[in-house]
Amino acid sequence: MKFTLNWLKEHLETDASVERVCETLTMIGLELEGMVDRAKGLEGFVVAHVLEALRHPDAEKLQICKVDVGHTVHEVVCGAPNARAGMKGVFASEGMYIPGIDTVLKKAKIRGVESCGMLLSEREMGLSDEHKGIVELPADAPIGARAVDIMGLADPVIDIAITPNRGDCLGVRGIARDLAATGIGTLKPLKAEPVKGTFPSPRRVHLDLDGARKEACPYFVGRVFRGVKNGPSPKWLQDRLLAVGLRPISALVDITNLMTLEYGRPLHVFDLAKVKGDIHVRMARPGEKLLALNGKEYELDGEMTVIADDHDAEAVAGIIGGERTGCTEATTEVFLETAWFDPIRTAQTGRKLLAMTDARYRFERAVDPAFLMDGAEIASRLILDLCGGEASDLVIAGAEPAWRRSLHLRGDRVKTLGGVDLPAAEQERILRVLGFAPVGKGDGFDVGVPSWRSDIVGEACLVEEIVRINGYGAIPVTPLPRDSVLPAAALNPSQRRRAFVRRVLAGRGLVEAVTYSFLPSAQADLFGGVPDCLRLVNPISADLDVMRPSLLPNLIAAAGRNADRGFADAALFEVGPQFKGDSIDDQMMVAAGLRAGRCHPKHWAAALRPVDVFDAKADALAVLAAAQAPVDSLQTGTEVPAWYHPGRSGALRLGPKAILARFGEIHPRVLKAMGVDGPVAAFEVFLDALPTPKSKGSAKPHLTLSAFQPLERDFAFVVDETVTAETVVRAARGADRQLISDVRVFDRFKGGGLGEGKKSLAITVVLQPADKTLTDAEIEAVSGKIVAAVQKATGGVLRG
């Protein structure tokens, strides 16, 4: 929103400098985008009167001008075609800086004639690219006066950013009202004296809207003018529009632009001679077309509001007028339209038509519904003063939309909610100057909201207004309470645990993926399904219609997409939430991953092999170890859901019920339904289910290294087929916890002479002496303990 300082002062009685005005605007939330002092660098240029202009004796296109600047007469050589005796222009004397040509003016001889100064063009002044002639000033401009004052350049242009809720500040008067509330000045009374009509309006207005569509335009005020003369607008109006970047067109059009910028009240004028019959506000006919004032033809639909005559649409309501009824210099009769249009419908229409205009920008932010009469009267006075003629009586259709509402403001609410302690009298003053109607009630106020503040909907809005006008800089700085003088850690334990897990999985060769928290319901059904509360009402995509019950479907789908593009081998993981309900306790943080296709060993000589359940188990155990879970105490079970392959999957649990992880190959049925080729081995680690690791303080544990060489012994036990390898390993490790540092399974054998229902499990036991080298007898004693422990736990015997 752009305006000049003098324009602002027509509504605000103030002696504040432009710098103070700009600072105050920012401090009340109307952020300053920029301020341009157009007179800066031009202050030394003065009004000069050309006394005579004689042709240069040695140059056909040059003239020798005698220029009176009030206190002296200068001789200037000028090549401008419009330089002539009697005119007044802008003069720069020697030694002055000319911004348009970036030079300091010096006395010079031009074709043998000395030139002392320069008559300037707009380009030389740095105002525009116009260079066809020198600037011509009004004949009554006082000689020797500052040219910037005569040209209207000594009026800084202020540009502020307007938030979408502040449509009332899309007019100079609304900005002046906000500034007046700060105490920087006083808001001048609104000049909206009624214009007495001299004849009844020959045209009527019909609101041809029914049902819910009545809200498209509930209120319309119009007036007919005849005998007007639509010539160029006066210089003051043209200067005002040019200062804010608008091109003057004609007096009638310029008046509507002025009303838009000054009062935030868009208007439109129709050439009445081109309007066929009465004025109708209706919905557009599907396929109806309108050639607009911007030269574009728009195709309308049945949801768009138009202003029409008895036959055709003449304007898109709240957006743009039609070219056929546009005003020209030949216009002598006009119809002035002042209406209120539904903001939502206006915005939707503008988006469909890709039409952004000053009118749409204001209507879609809700203009003042109670300013139609005043707006029509102010515009009427301007038309009569600038274009002459006579006005009809007002023609009114509909009534103001309901806008009146009252809110209660508690006396202590500004302090408790806004953090600013202001006396009640000051709160009342701020609200009253802003146009609110506060009435004392109890310890607070009942506050009537003005018609131009549709954004005020509750008590907090009133608090914001008071705090804003008092100044954001006046809000006291209050430090937040600290539990400790030391800064808290940037990450909590849960976040650090996730970081460790990511690092370990990446180190194992898996690539992190970040997938949507949604997935197709058909895939969710393959992984246990979801309750109705997890089905999305408004999904971002038609096929992403439920929240994910597991991270695995999205990872499997990603692996499938990679395979379709020629990358069949995949290793992916994701750490994120999965959902089983809509409460906060139904969300669980999970680290999940998969390997698909072939396993790529680290050693170059090792052969490629298909991934299997043990790859997934190793990944799951690595995650649990990184998360500081008690890995040595975990038990392996077979309690896995149906999307895992039976017999090639398992669960890691702590105790009989606490399942910490699941792993295994994905069931071929699931892979087929998702269109993915196997094998795929996956794991899920439920991070929220892991026990909180015991704090060991900040000191690292003491590192104990043995000076003695470890030694290994292999054992093969014949056990029942139902005995798990984990049982054998646990039994062997428990035989002597001082000497035994590791137990590994390296072989499994069935058949041969073992007998029906039997199998052989071979393990390697690592012995690590701490204080001396073991003797043969001590080694044999430990071996005996191992055999006895396994036999007691499993009933197994050493294989012969």
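Residues numbered from 1 in each chain as written. Predicted model: local features only at pLDDT ≥ 70, side-chain atom pairs only at ≥ 80, totals over all residues. Heavy atoms only, no water.

Colleague: How should I be thinking about a nonpolar patch on the surface in this particular structure?
Modeller: On the surface, Met27, Tyr472 and Ile475 cluster together into a nonpolar patch covering about 220 Å² of accessible area. Checked against the element boundaries, Tyr472 lands in the loop between helix H13 (459-470) and helix H14 (493-507). (Patch = residues over 30% accessible without salt bridge, like charges linked within 9 Å, V, L, I, M, F, W, Y side chains within 5 Å. Areas by Shrake-Rupley, 256 points an atom, 1.4 Å probe, with all protein chains shown as cover. Salt bridge = Lys/Arg side-chain N within 4 Å of Asp/Glu carboxyl O. Helix = DSSP H or I, 4+ residues; strand = E, 2+ residues; numbered from the N terminus.)

Colleague: For this particular structure, what's the right way to read the sheet that holds strand E38 (residues 644-654)?
Modeller: Strand order in the open sheet made by the 7 strands is E30-E33-E34-E40-E39-E38-E37, with mixed pairing throughout. Looking at which strands have only one partner, the edges of the open sheet turn out to be strand E30 (511-512) and strand E37 (635-637). Where E37 lies against E38, 3 bridges are found, and the strand directions are antiparallel. Its bridge partner being in E38, Gly637 is matched across the sheet by Ala651. Along the sheet, helix H17 (residues 613-626) makes contact with strand E34 (587-596), E37, E38, strand E39 (658-666) and strand E40 (680-686), crossing E40 at roughly 25 degrees. (Pairing = 2+ DSSP bridges. Contact = heavy atoms within 4.5 Å. Axes fitted to C-alpha atoms, helices over the stretch in contact; angles between N-to-C directions.)

Colleague: Mind showing me how you'd approach the sheet that holds strand E1 (residues 2-4) here?
Modeller: Sheets are built from strands that pair by backbone hydrogen bonding, the pairs being arranged parallel or antiparallel. With antiparallel pairing, the 3 strands of this open sheet are ordered in space as E1-E13-E3. With partners counted over all chains shown, the strands left at the sheet margins are E1 and strand E3 (32-36), one partner each. Looking at each pair of strands side by side, their axes are set apart by 20 degrees on average, direction ignored. Note: E1 against strand E13 (residues 157-160), 3 bridges, orientation antiparallel. Bridge pairing in E13 links Lys2 to Asp159.

Colleague: How should the side chain of Glu377 be read in this particular structure?
Modeller: Its location among the elements puts Glu377 in helix H10 (residues 372-387). We classify Glu377 as buried; its relative accessible area is 8%. Polar contacts involving the side chain of Glu377 include one to the main-chain amide nitrogen of Val195, which spans 2.8 Å. Setting aside chain neighbours within four positions, we find Glu377 in contact with Ala192, Glu193, Pro194, Val195, Arg223 and Leu394. (Buried < 20%, exposed > 50% of the residue type's maximum accessible area, 1.4 Å probe, protein only. Polar contact = N/O pair within 3.5 Å; in protein donor to acceptor, adjacent residues only side chain to side chain.)

Colleague: Is there a simple way to explain the pattern of salt bridges in this structure?
Modeller: Charged atoms that come close allow side chains of opposite charge to pair. As enumerated under the stated definition, the model contains 52 salt bridges in all. Between Arg240 and Glu10 there is a salt bridge, with the nearest N and O atoms lying 2.5 Å from each other. Of this pair, Arg240 sits in helix H6 (residues 235-243) while Glu10 sits in the loop between helix H1 (5-9) and strand E2 (12-13), placing them 230 residues apart in sequence. Taking the relative accessible area as the measure of exposure, Arg240 reaches 13% and is therefore buried. Glu10 gets classed as partly exposed once you look at its relative accessible area, which sits at 40%. Connected through salt bridges with shared partners, the residues Arg166, Asp168, Asp178, Arg453, Asp455, Glu465 and Arg468 form a single ionic network.

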